[in-house]
Amino acid sequence: MSNKKILIVEDDANIRDVLKLALEFEGYEVVTAKNGKEGLDLLAETDPGLILLDLMMPIMNGWEFVDHLKEKNLYAKYPVIVVSAYSERAKIIECRDFVQKPLELEELLTSVKTHYGAGQA
Amino acid sequence: MKLPSNLFAQIVEESLDGLWLVDINFKTTFVNEIMAKMVGYTQEEVTQMHISDLMTKEDWEDLSLKLASRKEGVKEHHQARFLRKDGSALWVRCACNPLYNDNGDFVGSVGLVSDISELRKDETILQAQRSVFQRLIAGATLEDSLLELLKPVDQLVNNVYSSILLLDDEGRLWKGASINIPEDYNKALNGVHIGPNQGSCGTSAYIKELVVTENIDTDPRWVDYKALAFAHNLHACWSSPIISRNGRVLGTFAMYFGETRKPTEFEIQIVKDMTAAAALCIEHIRLMEIEKKHLKKMDLLSEARRLLSTSMEYENVLRHIPDLVVNHNWASWSFICLKNDDGIYRTISVAAKPEVKSLLTENILEFDLSSDMGLSKAIKENKAFLQHLNPSQMSSNLMNVSDHSQRITYEKLIELNLQSYIAIPLEVRGEVIGGFLLASNEPDKLYTKEDLDFMNEIGRACAIAIDNSLLYRETKRAVKAREDFISVASHELRTPLTSLKMRIDLLGMLIERGKFPKEVHDALSPIVSELRPDIVKFTRLIEVLLDFSKHAGSKLHLKIENCNLSKVITEEVERLRPEFTSHKTELISNIKEKILGECDQVRVQQVVTNLLMNAMKFGNNNPVTINVTNNETEIFIEVKDQGIGISQHDLERIFQPFERAVSEKHFGGLGLGLFITKQIIERHGGKISVKSGDGHGTTFTASLPLKAKN
């Protein structure tokens, strides 16, 4: 079992799968959640070194997810990279990095490498 | 000098003037032969007559005052009217002198008299005609004018009955004006058709010539009418057609007499004078009527057109049509109905003059297509028509109407006293979608074929307006559907594209990292590298579609910020430079530094990208130049290529969505770039212009205000 864990919070199964696949090739262990709510539920048990977060999701969206992290004082602990098609609105969310969909895989992987484990416990 | 008495006698007898001597009591003492002839008596007869015996009572009252002054020694000239033995009038001009005996006592008067009847007649006619024309110009009615015209006839011809009849378009004669003719006789002749044996008037109008009937009893042309003429003691008649300048018969002028006789030369002259003057009167009034009617029509038509253009909601506009026709005095009652979605015609509005409105009840507004009259008939048969109602006849037929509701309708129509109506169906694209009706309760304002034609025109204007608004609605729906489709399609396409792109990226990564056996690697590698540019192109097209759906739906919101426009533009130019390099096109940029202003930076960059990519695409690999300058209020972004250019014809439409000036074969793309560019610039309050000629390259110039409008 690798120690490098990443949580993907993304409602689109297709994108979730390919992100998972790519990251696993890079040697990460990947846990996926279909929305912000699921992501929060998995957070404690997973304790990831990085979160890839979509914004537009049912039940709990990306903005709400970040708000919850902040509420629970977990925002500093888990670095968040936002992966979204909604560039304009994404700019007003606080995050380590922002990757615009449709994304360059290389760009994403570079960003993941940079920010992985940058959280402060 | 004193004249010898024989010479004096000769002068008296041979003079062309009359000589009239009276005593102090104005009894005749002497007249010469000429004078006797003038009044139609013998010299002996006149010699015993008093002047008052030779004139009407009124005329004598007038003249006696003048003659009295002779006693005072007054000499004077005056005009007077005498009565001849035959009763006709004699107009004279008279030079009067008092006579004295040797002692100087007043013994009578002498008058030197000349016959001015002919002159006087002409003058009377001329004066009457002048007065008629003055009245006409002042706006008198036709009947008043014609009556005025007949007055001198009555004055100048003894015992005459005169009349002017008017000819209508259907060849019937109607009373225009008459003097002395019994009203019963006029009534009996009203509406008589002209023809070869239709009395003097009907015949003269028919053959377009003067008809002289010296004896009605024996004239074959009077066979059908002589009983009527005798009943009113009419025995002779001369009638002449009144003919317009273009040869059309307008009516007739006639003189009737109570005894059989021949016309005098003077009467024939009067007939000619009268018909000429009457033609002018009638033509003038007719022209005025036509002009008035025309103006009235134009008034309504232009008002209707104005109304119809006020809104694309045709139901709301058509609602006002009845008001319009009633207010413009085209109807005393009008309504319009339209077919609802359920296929039933319903009245949407009614208008009426106050006196009719008070009689209207609900049930007359109900619309029932089963009826065989009115608008039901027009709609069922899709045919406009006019009908004259006869309320009195309708009430006598009421017994025969068995259907209860129909009977109520009839009763109501009788109560409303409607005289005629016009029903117009409204046909749009082969379907009768409604109609309107207008009705008049004025017996002398029955609708004519001309009115029907005109209302048909109003109907057509309505139909066109309806068609336009339907087209407008359809177009709006179609545009909306297209925008919706693009919006949904582009969002839907983006999601699978994202994962597709990522999978290809992943595949590429794996190939690069040598994760496959050499054979597989060598086979896959070129395929994957060919895939990547396709994906990039695909992605860009979808971005454009998404942008379009935002802009076309007016969803573009600018995020205006203070910025250094020079820097914003330079950044974008440098970002695009590698693409120009790989496209083997030189990119020359002259960007003035530090142009500060307000704009949506991302959008301005999009404008630069669109213009530069456009120039690269159509630039034929010749250098592309971007110049950026400013003045106090604006920034100018100019992008020049030296490519194939755009023809004048195409320049007009290149800013429309999905328009491309060149054929599809040459260049790919969706044709939305310039549309979006224009939208962005205009939202900023700026302008974009283009200059080009076939083969001479193209220059786009965008100007944006430095202070953005909000």
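From a predicted model like this one, the values you see are computed outputs, not experimental measurements.

A word on helix 20 (residues 601-618) of chain B
Next up, step 1: The end-to-end C-alpha distance of helix 20 of chain B is 26 Å, a good match for the 26 Å that 18 residues give at a rise of 1.5 Å each.
Next up, step 2: The element helix 20 of chain B is extensively covered by neighbouring structure, given that 15 of its 18 residues are classed as buried.

A closer look at the sheet that holds strand 7 (residues 172-179) of chain B
All names here are of chain B.
Next up, step 1: The strand order 8-7-6-11-10-9 describes an open sheet built from 6 strands, whose pairing is antiparallel. The open sheet has two edge strands, strand 8 (192-193) and strand 9 (211-213), and neither has a second partner.
Next up, step 2: Direction of pairing for strand 10 (residues 236-243) relative to strand 11 (residues 249-257): antiparallel, over a ladder of 8 bridges. By the bridge assignment, Cys237 is partnered in strand 11 with Tyr256.
Next up, step 3: Helix 6 (residues 142-156) contacts strand 6 (160-167), strand 7 and strand 11 of the sheet and is inclined by roughly 55° relative to strand 7.
Next up, step 4: Sheet strands touched by helix 8 (residues 199-207): strand 6, strand 7, strand 9, strand 10 and strand 11. Its angle to strand 10, the strand with the most contacts, is close to 35°.

With respect to the sheet that holds strand 20 (residues 624-630) of chain B
Residues and elements named next belong to chain B.
Next up, step 1: Reading across the sheet, the 5 strands line up as 18-20-21-23-22 and stay open at both edges, with mixed pairing between neighbours. Unpaired on one side and paired on the other, strand 18 (587-591) and strand 22 (687-692) mark the two borders of the sheet. In this sheet, neighbouring strand axes are inclined to one another by 10° on average, regardless of whether the strands run parallel or antiparallel.
Next up, step 2: Along the sheet face, helix 20 touches strand 18, strand 20, strand 21 (634-640), strand 22 and strand 23 (698-705) and points at about 150° away from the line of strand 20.

What to know about the layout of surface pockets
All names here are of chain B.
Next up, step 1: The space that makes up the second largest pocket amounts to roughly 2,200 Å³.
Next up, step 2: Secondary-structure elements contributing two or more residues to the lining of the second largest pocket are strand 6, strand 7, helix 10 (265-308) and helix 17 (449-512).
Next up, step 3: By residue number, the principal contributor to the lining of the second largest pocket is helix 10, which donates 13 residues.
Next up, step 4: Each residue belonging to the lining of the second largest pocket can be placed in one class, and the counts come to 18 nonpolar, 9 polar and 21 charged.

A word on empty space enclosed by the protein
All names here are of chain B.
Next up, step 1: For the coordinates displayed, the defined rule picks out 4 cavities of 30 Å³ or more.
Next up, step 2: Taken together, 16 residues form the lining of the largest cavity, with Ile51, Leu67, Cys94, Cys96 and Gly111 sitting closest to its centre.
Next up, step 3: Counting only elements with at least two residues in the lining of the largest cavity, the list comes to strand 1 (18-23), helix 4 (57-68), strand 3 (76-83), strand 4 (89-100) and strand 5 (106-115).
Next up, step 4: For the lining of the largest cavity, the residue count by class is 12 nonpolar, 3 polar and 1 charged.
Next up, step 5: Around the second largest cavity, the lining residues are Leu165, Leu173, Leu189, Val192, Gln198, Gly199, Ser200, Cys201, Gly202, Trp222, Tyr225 and Tyr256.
Next up, step 6: With 4 residues, helix 8 is the largest single contributor of residues to the lining of the second largest cavity.
Next up, step 7: The residue inventory of the lining of the second largest cavity, partitioned by class, reads 8 nonpolar, 4 polar and no charged.

Definitions and limits used
- Residues numbered from 1 in each chain as written.
- Chains lettered and ligands numbered in written order.
- Predicted model: local features only at pLDDT ≥ 70, side-chain atom pairs only at ≥ 80, totals over all residues.
- Heavy atoms only, no water.
- Helix = DSSP H or I, 4+ residues; strand = E, 2+ residues; numbered from the N terminus.
- Expected span 1.5 Å × (residues − 1).
- Buried < 20%, exposed > 50% of the residue type's maximum accessible area, 1.4 Å probe, protein only.
- Pairing = 2+ DSSP bridges.
- Contact = heavy atoms within 4.5 Å.
- Axes fitted to C-alpha atoms, helices over the stretch in contact; angles between N-to-C directions.
- 1 Å grid on protein atoms, 1.4 Å probe; cavity = no way out; pocket = protein on both sides within 12 Å on 5 of 7 lines; lining within 4 Å.
- Points joined across faces, edges and corners; volume = space filled by probe spheres on them.
- Nonpolar A, V, L, I, M, F, W, Y, C, P; charged D, E, K, R; others polar.

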